[in-house]
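Below, each chain spelled out in residue letters.
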Amino acid sequence: MKIICVGRNYAEHIKELDNQRPEQPVLFMKPDSAVILKNNPFIIPTFSSDIHYEVELLVKIAKIGKHIAREFASDYYNEIGLGIDFTARDLQTQLKAKGLPWERAKGFDGSAMIGQFVDKTTLGNLNALDFSMQKNGSTVQQGNTSDMLWKIDELIEYISKYFTLKIGDIIFTGTPSGVGPVTHGDQLVGFINNEEFFSLKVK
Ligand code: ZN
């Protein structure tokens, strides 16, 4: 199983990190060892002093495919979920400045929080989904998939040009604005359409 992540897919988040709006989707990967095991907390790694949460809508691939055309992309996923792309922002900033790959900042152990999935047909229009995250009871991020620069089906078309998508692969579709740091003891709770999809403790 692989995790394909999309960077810079929401205009407001691009602004908050002072990044350029990309001409094509920005892709990176997390290894399967990045996944937080069920019911485990997120443990802040010792190599970073600025770990950020990024809440993101997730797509689970249900059928193997390569060179998938946009109009058939919806045949390749049945379930939608919510998760967190944990990022060592201090390390990522250093790597970005040097033009180096982001893996250590984005793919470390525990950097992929994968919440619950539901059948996509229960959610209504996937291109107009509200999702949000609370930190210690206050909403810190709020997004709507209508603000994605590249929608789910366009992402699948683009990603599958380069990488064969296999059953069980997960796409992190990018974060809206409001990213920020976590500290010991934080509780992070994620919602799609006001329904809870995960609850995670930070240790
Ligand atoms: Zn992200």
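Everything here concerns the structure above.
Only a predicted model underlies this, so the values are computations on that prediction, with no experimental measurement involved.

### Regarding the side chain of Ser 111
Reasoning step 1: As for its position among the elements, Ser 111 is in the loop between helix 3 (103–106) and strand 7 (112–119).
Reasoning step 2: What makes Ser 111 buried here is its relative accessible area of 0%.
Reasoning step 3: The contact partners of Ser 111, leaving out residues within four places of it in the chain, are Lys 30, Ala 34, Ile 84, Asp 85, Phe 86 and Lys 106.

### Points about the coordination of the zinc ion
For a metal with four donors in a tetrahedral arrangement, the ideal angle between donors is 109.5 degrees, while six donors in an octahedron ideally sit at 90 or 180 degrees.
Reasoning step 1: Around the zinc ion, the protein supplies Glu 54 (OE), Glu 56 (OE) and Asp 85 (OD) as donor atoms, at distances of 1.9 to 2.1 Å.
Reasoning step 2: One chain supplies every donor to the zinc ion, and in sequence these donors are spaced E-x1-E-x28-D.

### Looking at the sheet that holds strand 8 (residues 130–135)
Reasoning step 1: Strands sit in the order 9-8-12-13 across an open sheet of four strands; the sheet is antiparallel. Only two strands of the sheet have a single partner each, and these edge strands are strand 9 (138–144) and strand 13 (195–201). Within this sheet the neighbouring strands show an average axis-to-axis angle of 15 degrees, counted without direction.

### What about the sheet that holds strand 11 (residues 180–181)?
Reasoning step 1: Taken in spatial order, the three strands of this open sheet run 6-3-11, and their pairing is antiparallel. Each edge of the open sheet carries a strand with a single partner, namely strand 6 (87–88) and strand 11.
Reasoning step 2: Across two bridges, strand 3 (residues 51–53) lies against strand 11 in antiparallel orientation. Note that in strand 11 the partner of Tyr 53 across the bridge is Gly 180.

Quick notes on the rules
Residues numbered from 1 in each chain as written. Predicted model: local features only at pLDDT ≥ 70, side-chain atom pairs only at ≥ 80, totals over all residues. Heavy atoms only, no water. Helix = DSSP H or I, 4+ residues; strand = E, 2+ residues; numbered from the N terminus. Buried < 20%, exposed > 50% of the residue type's maximum accessible area, 1.4 Å probe, protein only. Contact = heavy atoms within 4.5 Å. Donors = N, O, S within 2.8 Å, 3.2 Å for Na, K, Ca; no water. Pairing = 2+ DSSP bridges. Axes fitted to C-alpha atoms, helices over the stretch in contact; angles between N-to-C directions.

Everything listed here is a matter of coordinates, which is why it stays silent on function.
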